[in-house]
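# Observations on the model geometry
The lines below spell out each chain.
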Amino acid sequence: MPSTLISIANDKFKSLYEKGFFHLFFALGFGQALSFVQRILLGRWLSLEDYGRYALIIETIIFVSVLLTLAFPTAMARFGLKRNQLETYLSGTLRIFLFLSVVVIAGFYLLQLTVGLFKDQLVIQWLNVAVLLSVALAFVNYIIYYLTASKRSQERARVVFSQRFMLFIGVVT
């Protein structure tokens, strides 16, 4: 009886490993740990004013990337799988993404030119970069959803790990 339980447990672990569960678990856990460490380090290294700038930039990146994704990656995965046309739906959502990217970036720069969102030149410079980085972040989110829908967890784990690590390096340096 104990050997059958061990055999069942081994089969479950092997199945989880083959599906990429542990890869994804490590990538997501490592990403959260990096984010946690990053905030602690920046809180110690930066002045209160600089940390406020950092927080504004990070929130801008996240906000704009959410505007660029909306619910399109989820819809792509759902309807693409339902109709067995995942690649077709991916190409359609990427075209919508490109259009949204142009509209959001143009809208941001137009708003900045007409209203003048901030007076701080450093914030303005970094916001210009942040808006462009948010396009890259949104694009990676489309790829992650595609890999999820196509049940390619190991590749998804690598993309998530790379994304989080590059963000950590980019912000800390």
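Residues numbered from 1 in each chain as written. Predicted model: local features only at pLDDT ≥ 70, side-chain atom pairs only at ≥ 80, totals over all residues. Heavy atoms only, no water.

## Overview of the overall build of the protein chain
Within the protein chain, the secondary structure is distributed over 7 helices and 0 strands. Ordered by position from the N terminus, the helices and strands of the protein chain form the series α-α-α-α-α-α-α. Its C-alpha atoms give the protein chain a radius of gyration of 20 Å, more than 25% over the compact-globule value 16 Å for 173 residues. Taking the principal axes of its C-alpha atoms as reference, the protein chain extends roughly 70 × 45 × 15 Å. For the protein chain, with 173 residues in total, the buried portion stands at 29%. Within the protein chain, residue pairs in contact and separated by at least 24 positions form 68% of the contacts whose partners lie at least 6 positions apart. In the structure as shown, the protein chain presents an accessible area of about 11400 Å², 70% of it carried by carbon and sulfur atoms. Charged side chains of the protein chain number 16 positive and 8 negative; the gap between the two group centres comes to 9 Å. (Helix = DSSP H or I, 4+ residues; strand = E, 2+ residues; numbered from the N terminus. Rg over C-alpha atoms; globule rule 2.2 N^0.38 Å. Buried < 20%, exposed > 50% of the residue type's maximum accessible area, 1.4 Å probe, protein only. Contact = heavy atoms within 4.5 Å. Areas by Shrake-Rupley, 256 points an atom, 1.4 Å probe, with all protein chains shown as cover. Lys, Arg positive; Asp, Glu negative; His and termini not counted. Charge placed at Lys NZ, Arg CZ, Asp CG, Glu CD.)

## Section: the nonpolar core
In terms of nonpolar packing, the biggest core is built from 25 residues, with Leu68, Phe97 and Tyr146 touching the most fellow members. Those elements that place two or more of their residues in this core are helix H3 (48–69), helix H4 (72–82), helix H5 (86–115) and helix H6 (121–149). Per-element tally for this core: the top contributor is H6, with 11 residues. In this view, Leu68 contacts Phe97, Leu100, Ser101, Val104, Ser134, Val135, Ala138 and Tyr142; residues no more than four positions away in its chain are not counted. (Core = buried A, V, L, I, M, F, W, Y, C linked by side-chain atoms within 4.5 Å.)

## Concerning the packing of aromatic side chains
Taken as a whole, this structure holds 8 aromatic pairs when the rule is applied. Centroid distance Phe97 to Phe139: 6.1 Å. Interplanar angle 35°. Geometry classified as tilted. You can see Phe97 sitting in helix H5 and its partner Phe139 sitting in helix H6, a full 42 residues away along the chain. The exposure class of Phe97 is buried, given its relative accessible area of 3%. Judged by centre distance (6.2 Å) and plane angle (5°), the ring pair of Phe161 and Phe165 falls under stacked. With Phe161 and Phe165 both in helix H7 (residues 153–172) and 4 residues apart, this pair spans about one turn of that helix. A residue is classified by how much of its surface remains accessible, and Phe165, at 36% relative accessible area, is partly exposed. (Phe/Tyr/Trp six-rings, centres within 6.5 Å; stacked < 30°, edge-to-face > 60°.)

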